[in-house]
Amino acid sequence: MDDIREVEVNLQATVHFLSEEIGARSYEDLEELERSAVFIEEKMISCGCNVKRQSFTYMGNTYHNIIGEAGGDKNSEILVIGAHYDTVPGTPGADDNASGIAGLLELARLTAATPTSRTVYFVAFTLEEPPLFKTRHMGSYMYAKSLKKDKVRVEGMISLEMIGYFCDKKGCQYYPFTFFKWFYPEKGDFIAFVGNIASKEFTKKVKNAFQKVSTLPVESLNTLSLVPGVDFSDHSSFWSFDYPAFMITDTAFYRNPHYHTAGDKAHTLDYKRMALLVSGLKSALIL
């Protein structure tokens, strides 16, 4: 099995397990969240990452971020790559966000196998979805806050937020404002790097490195949070602590008709293009 095929198979297996075998993983589904956390821990440990939990409480219940460490020089700035493993209540969450977790675990596996010169923290966040969305109870906010408290030097943070849905029909890609169609594709055959203005240089650096090694089309946008969707993931928690951060996304509800519904299932995703994304990101981290 060649490398890209192995990545594809692993991505599909992870998405299927989280979305079909475990299913809904909302803040109310404590048993399912724990099963997901254990699965993520075991995968990270098996590939050689140093793994720990960051635990915290909300409304009397305990929730966990799972952190895997891989890579090189611990004295240099670290790179954080994250994805959330919880879902909206009642949804299987294949794209949102088992796809991101699958990408995270494959990047961790590939990085641990052939370490980069930088240290990378691979973090699976909990409590990204409503009703905790955009609050200080988000797992990503808790984690970013702890990095700031410990004075950790962070090069930047990349959030993998829905990376599996693609569409090739003209007009299947939507945007928050009509004029965006003047500058961006009408087909949803690309992946997007989206962040705020303060993160523009970091976004550009990763995008340029990615384009050198991958054939998957990529578009980028760094703008104000007034544009709907720009701050709709864990990367925005890092902005609160002045860390550059952006999300990699298939644009969610601007493309995927199954967003936040029971139809967000494993068979709707494109694992070949997901594999191209993951493989390209791994190569880009070396540059």
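Cut-off values and rules
Residues numbered from 1 in each chain as written. Predicted model: local features only at pLDDT ≥ 70, side-chain atom pairs only at ≥ 80, totals over all residues. Heavy atoms only, no water. Disulfide = S-S within 2.5 Å. Buried < 20%, exposed > 50% of the residue type's maximum accessible area, 1.4 Å probe, protein only. Helix = DSSP H or I, 4+ residues; strand = E, 2+ residues; numbered from the N terminus. Contact = heavy atoms within 4.5 Å. Salt bridge = Lys/Arg side-chain N within 4 Å of Asp/Glu carboxyl O. Expected span 1.5 Å × (residues − 1). Patch = residues over 30% accessible without salt bridge, like charges linked within 9 Å, V, L, I, M, F, W, Y side chains within 5 Å. Areas by Shrake-Rupley, 256 points an atom, 1.4 Å probe, with all protein chains shown as cover.

> Summarise the state of the cysteines; cite the residues concerned and give the values.
Two cysteines joined by a covalent bond between their sulfur atoms form a disulfide. Overall, the coordinates contain 1 disulfide when judged by the stated rule. Between the sulfur of C167 and that of C172 lies a disulfide, 2.2 Å long from S to S. The S-S bond linking C167 to C172 shows a torsion near 90°; that makes this disulfide right-handed. Note on accessibility: C167 and C172 belong to one class, buried. Here C47 stays free of any disulfide, with the sulfur of C49 as its closest cysteine sulfur at 3.7 Å. C47 sits in the buried class, given a relative accessible area of 19%.

> Give me the lowdown on the environment of K181, citing residues and values where you can.
Looking at the element boundaries, K181 is found in the loop between β5 (154-160) and β6 (191-195). Using a relative accessible area of 40% as the deciding quantity, one classes K181 as partly exposed. Along the backbone, K181 and G171 are 10 residues apart, and their C-alpha atoms lie at a distance of 9.7 Å. Here K181 is in contact with Q173 and Y175, once residues within four sequence places are set aside.

> Give a detailed account of the pattern of salt bridges, specifying residues and quantitative values.
In the structure shown here, the tally under the stated rule is 12 salt bridges. A salt bridge links E34 to R53, with the nearest nitrogen and oxygen atoms 3.0 Å apart. With E34 in helix α2 (residues 30-46) and R53 in strand β1 (residues 50-58), the pair connects residues that are 19 residues apart, well separated along the chain. For E34, a relative accessible area of 31% translates into the label partly exposed.

> Which residues make up α2, and what values do they have?
If you check α2, its first and last C-alpha atoms are 24 Å apart, about what 17 residues at 1.5 Å a residue would give, namely 24 Å. Those residues of α2 lying buried are L33, S36, A37, F39, I40, E41 and M44. Against α1 (3-22), β1, β2 (61-71), α3 (94-113) and β4 (119-125) lie the buried residues of α2. A positive phi of about 100° marks G48, the residue just after α2.

> Any details on a nonpolar patch on the surface? Residues and values, ideally.
Where nonpolar side chains cluster on the molecular surface, the patch consists of F177, F179, W182 and F183 and spans about 520 Å² of accessible area. The residue W182 is located in the loop between β5 and β6 in this model. Assessed through its relative accessible area of 69%, W182 is described here as exposed.

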